[in-house]
Amino acid sequence: MTNAGSGDRDANADERTSADERAGGGDPSDAAADPSDGGVAPPSWFREEAALTDPGIYDEFDTEWPDAWGRAADLLDWDRPYRTVLDDSEPPFYRWFPDGRLNAAANCVDRHLDGRRNQLAIRWFGKRGERRSYTYFDLHREVNAAAAALRELGVEEGDVVTLYLPMIPELPITMLACARIGAPHNVVFAGLSAEALATRLDAADSAYLVTCDGYYRREDAFNQKSKADNARLRIDGDLAATVVVDRLGDALSVPLGEDEHDYGTLIDRHDGETVAPVARDATDLLFVMYTSGTTGRPKGVEHATGGYLAHVAWTARNVLDVRPDDTYWCAADIGWITGHSYGVYGPLALGTTTVLYEGSPDYPDRDRVWDLIERNAVSVFYTSPTAIRSFMKWGAEYPDAHDLSSIRLLGTVGEAITPKAWRWYREHVGGGDAPVVDTWWQTETGAIALATLPGVTPMKPGRVGPPLPGIDARVVDETGDPVAPGEAGYLTIGKPWPGMLRGLREGEKRYRREYWLETDDGWRYRTGDGATVDDDGYVTILGRVDDVINVRTRRFNTAELESAIVAVDGVTEAAVVGDGDGGVVAYATTRSGVDPDDRTRAAIRDRLAATVGEIARPDRVVFTTELPKTRSGKIMRRLLEDITQDDEFGDISALRNPEVVGEIESAVRDDG
Ligand code: WTA
């Protein structure tokens, strides 16, 4: 890592002493940037080489919208070039590049064969220390064989194929095989239950399943196939074919039933065959991804081929600054949207090397992530604030013991990152001066929608940043009018954008109802997030609108209170919930080596009272070694609320660490 300009350091220093402006972050050492200081400039060494450095890009998208999005589409190879950028004749249904035709797999694989066939596409690290590498040539060969195998089993263009696999190369390979033959995929996170799989098979009307015999978690092997078998018993129809990958390495120990096939045998049979990529309309379905709504059954978010791939490629290049010769690592599981967009489609569309890691970040030791970055000379690393908080909790000695000088850019996604975590990440992983890009987006947006452009826009720790060029995001009040700077409102997006969902599997009515607001000013997409915006147009995400808690009849956002709590020295994570009585209970975890004691407890109480107001002084502070989290890493406040209020637990099937429930219950009792 080279010279950060002294200007950058000054900006940092200012920011540290600036008055805290962000609600709830009262400690000056944890303050967000003062809006008047313009934030932390991208370092000059980064700007010199960044993919995008022209500040005129914002104006260009303003004046040439929607045609400017052609810049994104031009990153792709089209079988039939599009002439229309956007068909918006029937809002809120939007069709991007509607007369263009392309194939996503050809864009992610075939076109890189030309002169770069020996470039690594995937570097995989398994849970038991295994490694596998695929060049683009290897990837092409196996994707073709898998596509031929799916065809042999009867999969046709338009058939939905459900993939229920852990983080093994066969997952991106079968995704690309589906894309090659125009069969939309429906990836279900491998850790979800049989019931969740059955619901998604039924809802997607999917008759094809690719799964595996099992997978390892630490030392133990889990039987994935039996979960798939259970799901099969629960679904309405029947599966036409199931493909089973041998992950346990014991030559497929599970017995195969009727219509069940061994992946390895199928690939051997079709090895060396080629399957011509099917040219798809840009608006054709590339995949469906189920995500939880606020209530009821999961929603099947549909993504179209052309707009999605264009937006993902454009942002991977210009926001994450990914280049063809990089080794890039997105730590998210492919079972979620982040893994789809920035673990598979984005990096492969750009022809880079993407790292796929099956294991845990703390196994065999807590330096595993840093060890992998060092060994692979990873230059761009993209992870979540949840992961960063774990890293902080484990201690800086782990990253500090490794040479991380290959890092050029760091990204985060999934929830708000506190200024404290942002600085820690930059300091201990980013060599003190790498850009840390906080990216906001959703399953539904398909790709990054709000973020700083690292070669152009200053960063403000704790704030996501302005909308990307071409994204018409606005924070509005109940009536749809923009709120004043600093005031909380709803984050909405006005004009359509290429990566946006094409619709919901559940139909047009649900799509309109879930997301769209018709205003005098046209249709606005409702993100479901609360936010504020500062004088520079930087957005701070307050969390889901439904994460609001009532404390003594005043409304607070959980993120607001929690960022104040984690500003207390030694505290790593916090969650606040209502006690059902108008009061608030704070749950907190502390850094290893820091004993949660009465002093810390008092400090948390005082901090909340001082920064948010006496009214927010928690009635109780409960320490726990871990907070309950969903599989995507979000704190399950609803469960904490149930425990606090001694209610029956609602649905906790998405809970990743059920073992903490008992501990929290007794902590609540003990603290009385
Ligand atoms: C939250 C993940 C604050 C937000 C890509 C959004 C964020 C939800 C950020 C989508 C961020 C995502 N800062 N909050 N940078 N990024 N979120 O669909 O509440 O799993 O609505 O997509 O995560 O979650 P999803």
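Residues numbered from 1 in each chain as written. Predicted model: local features only at pLDDT ≥ 70, side-chain atom pairs only at ≥ 80, totals over all residues. Heavy atoms only, no water.

1. As for the overall build of the protein
No. 1: Secondary structure assignment for the protein yields 22 helices and 31 strands.
No. 2: The globule rule puts the C-alpha radius of gyration for 672 residues at 26 Å, and the 24 Å found for the protein is close to it.
No. 3: The principal-axis extent of the C-alpha atoms belonging to the protein is close to 70 × 55 × 50 Å.
No. 4: Within the protein, buried positions represent 61% of all 672 residues.
No. 5: If you take every contact in the protein between residues at least 6 apart in sequence, the share linking residues at least 24 apart comes to 70%.
No. 6: Only carbon and sulfur atoms are counted for the fraction: they give 44% of the accessible area of the protein, which is about 25200 Å².
No. 7: For the protein, the distance from the average site of its 73 positive side-chain charges to the average site of its 115 negative ones is 1 Å. (Helix = DSSP H or I, 4+ residues; strand = E, 2+ residues; numbered from the N terminus. Rg over C-alpha atoms; globule rule 2.2 N^0.38 Å. Buried < 20%, exposed > 50% of the residue type's maximum accessible area, 1.4 Å probe, protein only. Contact = heavy atoms within 4.5 Å. Areas by Shrake-Rupley, 256 points an atom, 1.4 Å probe, with all protein chains shown as cover. Lys, Arg positive; Asp, Glu negative; His and termini not counted. Charge placed at Lys NZ, Arg CZ, Asp CG, Glu CD.)

2. Here's the deal with the domain arrangement of the protein
How big an interface is tends to be reported as the loss of accessible area on association of its parts.
No. 1: For the protein, the domain assignment lists domain 1 (6–101 + 288–472 + 492–502), domain 2 (136–278) and domain 3 (548–671).
No. 2: For domain 1 versus domain 2, the distance between C-alpha centres works out to 30 Å.
No. 3: At the junction of the two partners, domain 1 supplies 22 residues and domain 2 supplies 24 residues.
No. 4: Carbon and sulfur atoms make up 61% of the surface buried where domain 1 meets domain 2, a total of about 2200 Å² over both sides.
No. 5: Counting the contacts that link domain 1 with domain 2 gives one salt bridge.
No. 6: The shortest N-O distance in the salt bridge between E358 and R247 comes to 2.7 Å.
No. 7: Linking domain 1 to domain 2 there are six residue pairs in polar contact (both at pLDDT 80 or more).
No. 8: Of all the secondary-structure elements, those providing two or more residues to the side of domain 1 that touches domain 2 are strand 14 (285–291), helix 13 (337–349) and strand 17 (353–357).
No. 9: Across the side of domain 1 that touches domain 2, the residue classes tally to 14 nonpolar, four polar and four charged. (Domains from an automatic or database assignment. Buried area = accessible area lost by both parts, 1.4 Å probe. Salt bridge = Lys/Arg side-chain N within 4 Å of Asp/Glu carboxyl O. Polar contact = N/O pair within 3.5 Å; in protein donor to acceptor, adjacent residues only side chain to side chain. Nonpolar A, V, L, I, M, F, W, Y, C, P; charged D, E, K, R; others polar.)

3. Digging into the sheet that holds strand 20 (residues 436–439)
No. 1: Overall, mixed pairing links the seven strands, which are arranged 5-4-17-16-18-19-20 in an open sheet. In the strand order of this sheet, the two ends are held by strand 5 (131–135) and strand 20, each with one partner. In this sheet, adjacent strand axes meet at a mean angle of 20 degrees when their direction is disregarded.
No. 2: As paired elements, strand 19 (residues 409–413) and strand 20 share four bridges and run parallel to each other. Bridged to V413 within strand 20 is T439.
No. 3: Strands strand 4 (120–125) and strand 5 of the sheet are contacted by helix 7 (residues 136–152), whose axis makes an angle of about 90 degrees with strand 5.
No. 4: In the packing of helix 13 onto the sheet, the strands contacted are strand 4, strand 16 (327–330), strand 17, strand 18 (380–383) and strand 19, and the crossing angle to strand 16 comes to about 165 degrees. (Pairing = 2+ DSSP bridges. Axes fitted to C-alpha atoms, helices over the stretch in contact; angles between N-to-C directions.)

4. Section: the nonpolar core
No. 1: L139, Y342 and Y345 are the most contacted members of the largest nonpolar core, which totals 127 residues.
No. 2: Looking at which domains feed residues into this core, each of domain 1 (6–101 + 288–472 + 492–502) and domain 2 (136–278) gives three or more.
No. 3: Residues within four places of Y342 in sequence aside, it is in contact with V312, T315, A316, L320, Y328, C330, P347, Y382, W441, A447 and I448.
No. 4: Judged by nonpolar contacts, the second largest core, of 29 residues, contains F125, L372, F381 and W422. (Core = buried A, V, L, I, M, F, W, Y, C linked by side-chain atoms within 4.5 Å.)

5. Here we look at a negative patch on the surface
No. 1: On the surface, a cluster of negative charge is contributed by D646, D647, E648 and E665.
No. 2: The exposure class assigned to D647 is partly exposed, which follows from its relative accessible area of 39%. (Patch = residues over 30% accessible without salt bridge, like charges linked within 9 Å, V, L, I, M, F, W, Y side chains within 5 Å.)

6. Looking at empty space enclosed by the protein
No. 1: Evaluated as defined, the whole model comprises five cavities of 30 Å³ or more.
No. 2: Space inside the largest cavity adds up to approximately 70 Å³.
No. 3: The wall of the largest cavity is formed by A146, A149, L150, T174, V210, V243, Y263, L266 and I267.
No. 4: Elements that contribute at least two residues to the lining of the largest cavity include exactly helix 7 and helix 11 (263–270).
No. 5: Considered class by class, the residues forming the lining of the largest cavity number eight nonpolar, one polar and no charged. (1 Å grid on protein atoms, 1.4 Å probe; cavity = no way out; pocket = protein on both sides within 12 Å on 5 of 7 lines; lining within 4 Å. Points joined across faces, edges and corners; volume = space filled by probe spheres on them.)

7. So, the packing of helix 7 against helix 8 (residues 170–181)
No. 1: Helix 8 packs onto helix 7 with a crossing angle of 65 degrees between their chain directions and a minimal axis gap of 8 Å. With respect to the hand of their crossing, helix 7 and helix 8 are arranged in right-handed fashion. Contacts from L139, H140, E142, V143, N144, A146, A147, L150 and R151 in helix 7 reach E170, I173, L176, A177, C178, R180 and I181 in helix 8. (Left-handed = near helix turned anticlockwise from the far one by under 90°.)

8. Overview of the side chain of E514
No. 1: Among the secondary structure elements, E514 is positioned in helix 18 (residues 508–515).
No. 2: At 3.1 Å, the side chain of E514 and the side chain of K299 are in polar contact.
No. 3: When sequence neighbours within four positions are dropped, the list of residues in contact with E514 reads K299, L504 and R526.

9. A word on the pattern of salt bridges
No. 1: Scanning the model with the defined rule gives 38 salt bridges in all.
No. 2: For D371, the salt bridge is made with R375, and the minimal N-O distance between the two is 3.0 Å. Residue D371 and its partner R375 are located together in helix 14 (residues 368–376), separated by four residues, close to a single helical turn.
No. 3: Accessibility expressed as a relative area gives 15% for D371, which makes it buried.
No. 4: We note a salt bridge from D472 to R474, for which the minimum N-O separation is 3.4 Å.
No. 5: D472 gets classed as buried once you look at its relative accessible area, which sits at 17%.
No. 6: One connected set of salt bridges, linked through shared partners, spans E49, D321, R323, D326 and R408.

10. Things to note about the packing of helix 15 (residues 385–394) against helix 17 (residues 419–428)
No. 1: As a packed pair, helix 15 and helix 17 sit with axes 10 Å apart at the nearest point and diverge in direction by 70 degrees. Taken as axis vectors, helix 15 and helix 17 run roughly perpendicular relative to one another. The residues of helix 17 that touch helix 15, namely those facing I388, F391 and M392, are K420, A421, W424 and Y425.
No. 2: The class makeup of the residues in the contact of helix 15 with helix 17 is six nonpolar, no polar and one charged. (Parallel < 35°, antiparallel > 145°, perpendicular 65-115°, else oblique.)

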